[in-house]
Amino acid sequence: MIAYNTKEWFTFIFHFHKSDTVRKLFPIMIAIGIYSAIVGYLEVVYIGIDTNNYVKNIPVMHGILGFVISLLLVFRTNTAYDRWWEARKLWGSLVNNSRNFAIKLSAILKDENDRKFFRKFIPSYATILYKHLNNSETAKQLFDDVDLELDHHKHKPNQVKRMMSHKINDLYEAKKITGDQLIILNNELVAFTDICGACERIKNTPIPYSYSAFIKKFIFFYTMTLPFGYSLSLGYYVVPVVVFIFYVLASLELIAEEIEDPFGDDENDLPIKKISENIKKHVEELI
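Predicted model, so just to flag it, every value in this text is computed and none were measured.

Definitions and cut-offs
- Residues numbered from 1 in each chain as written.
- Predicted model: local features only at pLDDT ≥ 70, side-chain atom pairs only at ≥ 80, totals over all residues.
- Heavy atoms only, no water.
- Axes fitted to C-alpha atoms, helices over the stretch in contact; angles between N-to-C directions.
- Helix = DSSP H or I, 4+ residues; strand = E, 2+ residues; numbered from the N terminus.
- Left-handed = near helix turned anticlockwise from the far one by under 90°.
- Contact = heavy atoms within 4.5 Å.
- Nonpolar A, V, L, I, M, F, W, Y, C, P; charged D, E, K, R; others polar.
- Core = buried A, V, L, I, M, F, W, Y, C linked by side-chain atoms within 4.5 Å.
- Buried < 20%, exposed > 50% of the residue type's maximum accessible area, 1.4 Å probe, protein only.
- Salt bridge = Lys/Arg side-chain N within 4 Å of Asp/Glu carboxyl O.

What follows is about the packing of helix α2 (residues 21-46) against helix α8 (residues 238-259). At a minimum axis separation of 9 Å, α2 and α8 run at an interaxial angle of 145 degrees. You can see that α2 and α8 cross each other, and the crossing is right-handed. For the pair α2 and α8, contact is made by Thr21, Val22, Lys24, Leu25, Ile28, Met29, Ile32, Gly33, Ser36 and Ala37 and by Val238, Val239, Val242, Val243, Phe246, Tyr247, Ala250, Ser251, Leu254, Ile255 and Glu258, respectively. Partitioned by chemical class, the residues of the contact of α2 with α8 number 15 nonpolar, 4 polar and 2 charged.

Turning our attention to the nonpolar core. One finds Trp91, Leu94, Phe101, Phe118, Ile122, Met164 and Ile168 to be the most contacted residues of the largest nonpolar core, which totals 44 residues. Where this core is concerned, the elements lending two or more residues are α3 (58-108), α4 (112-134), α5 (156-173), α6 (179-204), α8 and α9 (272-286). Among the elements that take part in this core, α3 stands out by supplying 11 residues, more than any other. Non-local contacts of Phe101, meaning those with residues more than four positions away in its chain, are made with Phe118, Ile122, Met164, Ile168, Leu185, Glu188, Leu189 and Phe192. The next biggest cluster of nonpolar side chains, apart from the first, holds 20 residues, and it includes Met29, Ile69, Ile219 and Val239.

Summed over all chains, the structure comprises 12 salt bridges. One salt bridge in this structure joins Glu188 and Lys104, with 2.5 Å as the shortest N-O distance. Pair noted here: Glu188 is in helix α6 and Lys104 is in helix α3, with a separation of 84 residues, a long-range link. Overall, the relative accessible area of 10% leaves Glu188 in the buried class. For Lys104, a relative accessible area of 30% corresponds to the partly exposed category. Across the pair Lys216 and Glu253 runs a salt bridge, and its minimum N-O distance is 2.8 Å. Here Lys216, found in helix α7 (residues 209-234), pairs with Glu253, found in helix α8; they are 37 residues apart in sequence, far enough to count as distant. On the basis of relative accessibility, which here comes to 4%, the residue Glu253 falls in the buried class. Connected via shared salt-bridge partners are Arg76, Lys216, Glu253, Glu257 and Glu260.

Any link to function would need more than the numbers given here.
Below, the structure written as structure tokens:
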């Protein structure tokens with residue numbers, strides 16, 4: 001995740017980060033600029049359409065559709081950000097749950113070997129969950145037409161949780177913890193699986209294909225028709241105008257695409273690797 005000072009907004013205007021959308025869109029922006037220039041030349045110079053032609057009324061359609069596309073993009077970006085923020089809250093819960101679990105164990109356990117076991121396995125759950133969510137095949141597990149070479153009986157986060165559960169039960173059978181303490185510790189363990197399942201729900205359930213595909217097609221055809229209506233009034237100035245409109249609309253879609261899967265390696269994804277490292281540091285301090 002990119003670290004920045006939110007108050008130094010003026011520097012953002014002239015600073016181009018490698019994750020900036022203008023870098024990704026630059027080739028197609030050039031192509032759209034050339035396309036707009038050709039359309040403008042054909043309408044104004046080659047064909048010589050005058051201002052009394054019905055073509056001049058095309059911008060009326062763009063005005064109506066502009067409102068529709070703005071609503072779609074607002075809903076698209078809000079939905080993507082909701083996924084990003086929910087993922088951040090889940091990993092915040094994992095941090096707090098790991099700390100609470102470690103604090104309770106530090107007060108309950110007296111044997112150093114038992115403490116060493118949980119000192120290792122509590123941070124391991126966060127590390128393995130990070131790798132599990134960062135695996136591209138994890139996102140395909142709900143697709144019926146994808147044949148994955150995965151052993152679904154060895155869900156790695158579940159294996160770590162199973163070993164910790166068995167260890168807690170062994171401690172109870174060895175009379176190292178009481179029944180009340182067993183219930184308290186089991187409640188903490190349940191939270192690990194709840195967080196993992198919620199993260200998998202975000203990872204495995206993308207925005208519906210038809211909705212995402214429709215927005216892309218809408219942006220494309222909306223932009224491609226702009227030169228026909230505005231060439232008569234703007235002339236060759238239609239080139240930068242159309243390119244800029246495309247940049248704004250397509251950038252919103254690209255940003256939504258990037259943050260809707262917050263567990264990847266994109267610049268604006270969550271720093272879950274760093275969070276898992278912090279969990280390890282905190283647990284080692286507590287136990």
